[in-house]
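# Summary of structural features
Each chain is listed here by its residues.
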Amino acid sequence: MTKKNRHKIRRPANLSLKRKPVSSRLTMPFFALLGVTLIGAAIFFNFLAPNETQSSIDWSVQGITTRHEYQYEDIKDDGEFADPQQEDQELPEAYALREPEITRMSDTIKSGDTPSTLLGGHLGLPEIYSLCNESKDFYPLDNLRAGQPWTMIYSNKALIGLEYEIDSNERLVVSLTDSGYEFRREAIPYEMETKTVSGVVESSLFGAVTTAGENEELALRLGNVFAYDVDFTRDLRTGDSFKVIIEKKSREGKFVGYGQLAAASFTNQGQTYYAYQYTDKKGNTAYYDEKGRPLRKAFLKSPLPFTRISSGYSMSRMHPILKYRRPHQGIDYAAPTGTPISTVADGIIAQVGSNKSQGRFVRVIHSNGYETIYNHMSKFAKVSKKGAKVKQGATIGYVGSTGYATGPHLDFRMRQNGKLINPLKLKTMPAEPIASKEMPAFKAVVAAYKAQLEEPVQSAKLEQAPAFNP
């Protein structure tokens, strides 16, 4: 081979040797670009599919919604999970089932309030009319009384129910549903606690009760129980004492009144009287002494339990208005205008009237030839109609100063077989005692309370009395 030919053969080799550096320079940038591309793709696809790669902590609101829809697609129409392993998994907190927000708005009925004024912003007039019409079988909403509690119940600002307290024991509950109105009457729930309360009289029974930290209502209850044996107008003395076992009612931690008075004792001028509540097999409830004799007598000691006698029974008294002496065959009880007057025994109202001397008066006929007259009333009670039957202790009118009267008082008179007698000298007859077959049950009641009633009563000074805050 000639020298010239050898040079031609080598050129390809030389050419290849010259390309080698070019190839080396392109390889590294190529692989670098490829790596960046792969990483970028991974990041890009990661953002597009956060459900599979992102932590639930970093979900946005949109991510939570997407997750919620994804999970609920796995639930069958019957409520079961398509994948059994998902059944025990809890839903995200944002999509846990929530109870509707219930709001109660309570107030008291004001004078002039009607169903229309109370519900006008929530129901149309036809709906209010229908509601009132349908409620009549349970309680007529037209009879709303001022001072009674009224509650409106909302669910997410929509009116769904009403409550109206008919009295201290019962309330009307109304539910507003898509299908109409539902009504029911139910007992008002109270927390009941039986307590033993005692006190010593300093000046009055009311003072003794409030000194013991109790409400004056308790004094009225005690007065009614022992009204047949103790005349709280004439007989009360300093040092007299009482003890009572009674239920105290509270609502949401606030005292609201008293329940059953199970037993009590009252010591008056050294003599102690006992009262035990007992319900016989016929359902009759009354108070008895420890021997089973009823405390209830044919006549109450007085038509006004807490007052004073301003003028007694006399055959010759100077009349304060007429200014001459004449018989006063009755008992005058001084009391504030409006004080309730009770009939002293069961009877029938024979006369309701008014004249120049007696003013407004009521005359009641009782058994065994007795009748009672109640004069100078300010007004009559609703029950005071001629021919109406009244029970012992029923309110028949209110103290006033009508007729010949210089001030508010009750002129109380009593006749026996047509003849006026002194009511303070009447010997009352007790009712029938507990039947012998009921005595074992009654003695069990006495045994349950007797020890508590016989414990000594601790005196409490008036200035040390806690303030009563119902």
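Of note in the backbone geometry, E252 takes a positive phi value of approximately 55 degrees without being a glycine. By relative accessible area, which is 78% here, E252 ends up exposed. With phi around 70 degrees, H376 is a residue other than glycine that occupies positive phi space. As for its placement among the helices and strands, H376 is situated in strand β18 (residues 370-380). Residue classification places H376 among the buried positions, given a relative accessible area of 5%.

As a further point, take the pattern of salt bridges. Any two side chains of opposite charge can pair, so long as their charged atoms come close to each other. Tallying each qualifying case throughout the model produces 17 salt bridges. Of the charged contacts in the structure, one is a salt bridge between R413 and D411, with a shortest N-O distance of 3.1 Å. One exposure class covers both R413 and D411, and it is buried. The shortest N-O distance in the salt bridge between E454 and K450 comes to 2.8 Å. Of this pair, E454 and K450 both sit in helix α8 (residues 439-454), 4 residues apart, which is roughly one turn of the helix. With relative accessibility at 44%, the residue E454 sits in the partly exposed group. In this structure, a network of salt bridges that share partners links the residues R104, E163, R171, R184 and E186.

This paragraph deals with the layout of surface pockets. Unfilled space is identified by rolling a water-sized probe across the atoms. Quantified by volume, the largest pocket comes out at close to 1100 Å³. Forming the boundary of the largest pocket are 42 residues, of which N224, Y228, Y287, R296 and Q392 lie nearest the centre. Those elements giving two or more residues to the lining of the largest pocket turn out to be α7 (216-225), β10 (285-288) and β15 (340-342). Grouping the amino acids of the lining of the largest pocket by side-chain chemistry returns 24 nonpolar, 8 polar and 10 charged. Taken as a whole, the second largest pocket holds about 520 Å³ of empty space. Every residue lining the second largest pocket is counted, 26 residues in all, and those nearest its centre are R317, H328, H376, D411 and R413. Counting residues per element, the ones that place at least two in the lining of the second largest pocket are β11 (308-311), β13 (325-328), β14 (331-334), β18 and β21 (409-416).

This part takes up the confidence of the model for the protein. Averaged over all residues, the pLDDT of the protein equals 80, while 74% of them reach at least 70. With pLDDT under 50 throughout, residues 47-77 is counted as low confidence; its partners more than four residues away or in other chains account for 25 contacts. Counting contacts from residues 460-470, a segment whose pLDDT is below 50, to residues more than four positions away or on other chains yields 16 contacts.

Within the structure shown, the criterion is met by 14 aromatic pairs. A ring pair is formed by Y288 and F442, whose centres lie 5.9 Å apart and whose planes are at 70 degrees; its orientation type is edge-to-face. With Y288 in strand β10 and F442 in helix α8, this pair connects stretches of sequence that are 154 residues apart. Judged by relative accessible area, Y288 falls into the buried class, the value being 9%. Lying across the ring of Y398, K379 places its NZ or CZ 5.2 Å from the centre.

So, on to helix α5 (residues 125-135). For α5, the full list of buried residues reads I128, L131, C132 and S135. In an axial view of α5, the angular spread of the buried residues amounts to 95 degrees, which keeps them on one side of the axis. Exposed residues pointing more than 90 degrees away from the buried face of α5 are listed as P126 and Y129.

Of all 8 residues in strand β3 (residues 158-165), 6 are buried, a share of seventy percent or more. Hairpin connection between β3 and strand β4 (residues 170-177): a loop of 4 residues separates the two successive antiparallel strands.

The next thing to look at is the sheet that holds strand β8 (residues 254-268). Read from one edge of the open sheet, 5 strands run β6-β7-β8-β9-β10, paired in antiparallel fashion. The open sheet has two free edges, formed respectively by β6 (191-200) and β10, since each of these has just one partner strand. Sheet twist, expressed as the mean angle between neighbouring strand axes with direction ignored, is 30 degrees. Relative to strand β7 (residues 241-251), β6 runs antiparallel, the two being bridged by 10 bridges. From the neighbouring strand, G199 faces β7, where its bridge partner is F242. Contacts from α7 reach β6, β7, β8, β9 (271-279) and β10, with the element oriented near 40 degrees to β8. Relative to β9, α8 is tilted by about 140 degrees, and along the sheet it contacts β6, β7, β8, β9 and β10.

Cut-offs used in this document
- Residues numbered from 1 in each chain as written.
- Predicted model: local features only at pLDDT ≥ 70, side-chain atom pairs only at ≥ 80, totals over all residues.
- Heavy atoms only, no water.
- Buried < 20%, exposed > 50% of the residue type's maximum accessible area, 1.4 Å probe, protein only.
- Helix = DSSP H or I, 4+ residues; strand = E, 2+ residues; numbered from the N terminus.
- Salt bridge = Lys/Arg side-chain N within 4 Å of Asp/Glu carboxyl O.
- 1 Å grid on protein atoms, 1.4 Å probe; cavity = no way out; pocket = protein on both sides within 12 Å on 5 of 7 lines; lining within 4 Å.
- Points joined across faces, edges and corners; volume = space filled by probe spheres on them.
- Nonpolar A, V, L, I, M, F, W, Y, C, P; charged D, E, K, R; others polar.
- pLDDT = per-residue confidence, 0-100.
- Contact = heavy atoms within 4.5 Å.
- Phe/Tyr/Trp six-rings, centres within 6.5 Å; stacked < 30°, edge-to-face > 60°.
- Lys NZ or Arg CZ within 6 Å of the ring centre and 35° of its normal.
- Arc of directions from axis to C-beta.
- Pairing = 2+ DSSP bridges.
- Axes fitted to C-alpha atoms, helices over the stretch in contact; angles between N-to-C directions.

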